[in-house]
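Spelled out, the chains give:
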Amino acid sequence: KNKDIPEGGSKAVVLIDTVGMSSSGRDFVMRKSVKAFTDTILDLVVDTDETREEIVDFVGKKEVLYLGPDEQVIPEDIDWVIKRAAQRGYDTPAAFMSSKPRAGINHKEYGVTSEGVNVYLDVALKHVLKIDPKHESFTVKITGGPDGDVAGNELKILFREYGDNAKVVGIADGTGCAEDPNGLDWEELLRLVENNLPIDHFDPSKLGEGGAVHKVDTEEGVKARNSMHNRVQADAFVPAGGRPNTINVHNYNHFLNIDGTPSSPLIVEGANLFVTDEARQLLFDEAGVIIVKDSSANKAGVITSSYEICAAMLLSEEEFYQNKAQIVSEVLDKLHEYARMEAELLFREFENYGGSLPQLSKVVSGAVNAAT
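Residues numbered from 1 in each chain as written. Predicted model: local features only at pLDDT ≥ 70, side-chain atom pairs only at ≥ 80, totals over all residues. Heavy atoms only, no water.

Asks: Even after reading the chapter, I still don't get the pattern of salt bridges, so can you show me in this structure?
Replies: Two side chains of opposite charge can pair, provided their charged atoms sit close to one another. All told, the structure shown has 26 salt bridges when counted by the stated rule. Aspartate 77 is the partner of arginine 31 in a salt bridge, and the nearest nitrogen-oxygen pair spans 2.8 Å. Of this pair, arginine 31 sits in helix α1 (residues 23–45) while aspartate 77 sits in helix α3 (residues 75–87), and the two are 46 residues apart along the sequence. Of the residues examined, arginine 31 reaches a relative accessible area of 13% and is grouped as buried. Lysine 299 is paired through a salt bridge with glutamate 342; the nearest N and O atoms lie 2.5 Å apart. Of this pair, lysine 299 sits in the loop between α10 (294–297) and α11 (300–314) while glutamate 342 sits in helix α13 (residues 324–353); the two residues are 43 residues apart in sequence, bridging distant segments of the chain. Across the pair, exposure class does not vary: lysine 299 and glutamate 342 are buried alike. Each of the salt bridges in this network shares a partner with another, and the network as a whole consists of Glu269, Asp277, Arg280, Lys293, Asp294 and Lys362. (Salt bridge = Lys/Arg side-chain N within 4 Å of Asp/Glu carboxyl O. Helix = DSSP H or I, 4+ residues; strand = E, 2+ residues; numbered from the N terminus. Buried < 20%, exposed > 50% of the residue type's maximum accessible area, 1.4 Å probe, protein only.)

Asks: Explain the environment of alanine 236 to me, please; I cannot follow it from the model alone.
Replies: Note on placement: alanine 236 falls in strand β5 (residues 236–239). Sequence separation between alanine 236 and glycine 301 is 65 residues; the distance between their C-alpha atoms is 22 Å. Leave out the neighbours within four places in its chain, and alanine 236 touches Leu121, Leu125, Thr139, Val140, Lys141, Ser264 and Leu266. (Contact = heavy atoms within 4.5 Å.)

Asks: Teacher, can you tell me more about empty space enclosed by the protein here?
Replies: In this approach, a probe sized like a water molecule rolls over the atoms, and the result shows the empty space that is left. One pass over the full model with this rule turns up two cavities of 30 Å³ or more. Computed from the structure, the largest cavity encloses a volume of approximately 50 Å³. Residue lining of the largest cavity: Gly116, Tyr120, Ser296, Ala297, Lys299, Ala300, Ile303, Leu335, Tyr338, Ala339 and Glu342, and that is the complete set. Mapped by element, the contributors of at least two residues to the lining of the largest cavity are α5 (112–128), α10, α11 and α13. The leading source of residues in the lining of the largest cavity is α13, at four residues. Here the second largest cavity defines a volume of roughly 30 Å³. (1 Å grid on protein atoms, 1.4 Å probe; cavity = no way out; pocket = protein on both sides within 12 Å on 5 of 7 lines; lining within 4 Å. Points joined across faces, edges and corners; volume = space filled by probe spheres on them.)

Asks: How should I be thinking about helix α8 (residues 219–231) in this particular structure?
Replies: Owing to its 3.6 residues per turn, the α-helix aligns residues three or four sequence positions apart on the same side. For α8, built from 13 residues, the straight-helix expectation of 18 Å at 1.5 Å per residue is met to within 8% by its first-to-last C-alpha distance of 17 Å. Remark: the principal bend of α8, roughly 35 degrees, maps to arginine 225. Within α8, the full set of buried residues consists of Gly221, Ala224, Ser227, Met228, His229 and Asn230. Against the buried residues of α8 lie β1 (138–143), β2 (166–173), β3 (176–179), β4 (212–215) and β5. (Expected span 1.5 Å × (residues − 1). Bend = angle between axes of the 7 residues up to and from the residue.)

Asks: What should I look at first to understand α3 in this one?
Replies: With 13 residues, α3 ought to run about 18 Å at 1.5 Å a step, and its terminal C-alpha atoms sit 19 Å apart, in line with that. For α3, the full list of buried residues reads Asp77, Ile78, Val81, Ile82 and Ala85. Viewed end-on, α3 has its buried residues packed into an arc of 135 degrees, placing them on one side of the element. Set apart from the buried face of α3 by more than 90 degrees, the exposed residues are Glu76, Lys83 and Gln87. Taken together, the buried residues of α3 touch α1. Taken from the residues just after α3, glycine 89 is the one with a positive phi, measuring 90 degrees. (Arc of directions from axis to C-beta.)

Asks: Would you take a moment to explain the sheet that holds β3 for this structure?
Replies: Note: strands within a sheet are paired through backbone hydrogen bonds, in either parallel or antiparallel orientation. Spatial strand order, β4-β3-β2-β1-β5-β6-β7: seven strands in an open sheet with mixed pairing. A strand with exactly one partner marks an edge of an open sheet, and here the two such strands are β4 and β7 (290–292). Strand-to-strand twist of the sheet, defined as the mean angle between neighbouring strand axes without regard to direction, takes the value 15 degrees. Alignment of β1 against β2, held across six bridges, turns out to be parallel. For threonine 139, the partnering residue across the bridge sits in β2 and is lysine 167. Sheet contacts for α5: β1, β5, β6 (266–268) and β7; angle to β6, the most-contacted strand, approximately 165 degrees. (Pairing = 2+ DSSP bridges. Axes fitted to C-alpha atoms, helices over the stretch in contact; angles between N-to-C directions.)

See the structure below:
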C-alpha cells in the first residue's frame, strides 16, 4: 500500500490459528506473535556479530525501519516493543514504533485518519455535488461502527464541522445497522462513540419516521446489514470499516439503482480496499461515481506516524510528553493542510483533464515518491 511518505511503507500480517482456543488462550497467542515478529525485525536491523554472519545484505548500508500498529495491536504491545528495542540495542528505541500511549500520538484518541478523510469529503462535496457543507444540508452513509477508529472519529468530526447540516442516514458494522432517511439522532450517535459502543446499541426510540435498527441475531438483520451500503440513498458514502473487496467486479451493480443511477454519487474511501480497482472503474464508467481512493483519502494516519517517529529521533520521551499538546496541535494543522492541498489538486486535474479520480490519485502518488 502506497502511503506517499519518504520512508515508504507496506503492510505486515501475522497469521495465527486460534480456532478452538479460549479467549484467554487466543489473547496469549496474539501477544506472543507480536513479540516474535518484533524480535524477527530487530534481528534484521540491529547490527551484531551474530546477525552479520547470518543476514544477506543487498543494500550495503544500515537500514532504519519502524513499525506502526494496526488491527489487534494493543497499547501494551507497543510499550513492550519499545522496551524490547532498547534491550536489543536499537539506536533510537522510541522511534521503533509509532502511536505510543504516552510519548506518541494515538490514532484513535486524536482521530488523525478521520481528520484527513473529512477534508477530502469536504472538498469532494463542493466540487462534485456543489454543496457547501458548512451552509447546506447533505446526507452520508458509513460502514464501520461508532466504536471504531475511523468511523467513530468521522462521526465526531462531521458534527463538529457541520452540526445538523450533516445527516447520517445509515451506519453498518459487525453487529448490525441503523438507518433513518431523515438522519440518525446526533445525540444518540455521539453517545455510542463516547461509550465505545457498536451500532446495535442505538436506541430505537431515537429513530424518526422510516428509521430502523437491524441486528445480526436474525437472518433479516444480517441481510439488512450486508446490503446497507448499497440500498441506502445518500449524497456521499464513506466506507470507514468493513471487509476488503466488499464492492467488486461481480457485485458493483448492486450499488446502482434500478434506473442505473448510483445510490451515492460520491465515495470517499476511509477504509482500505473496500472497493476493488476494477469496481472503481466500472462505477465511474457506467454511473459516473466519483471515488476518492483510499491511498489519498486515509493516509493522514501514517503521515502522523511519520512525524511521531521524526520527533522521537529528536526528543527524549519526557521532552515529547512535556510538549505533546503543541506537537499534536501542529501535526493536526499539517494534516489538514496536506489533505486539502492534495484534494484540491486531484479535483483540479480531474476537472481539467478528465479520467477517473483513482487513476489521478496514483499519478499524484508517483509524483510524490519521485520527489522524495
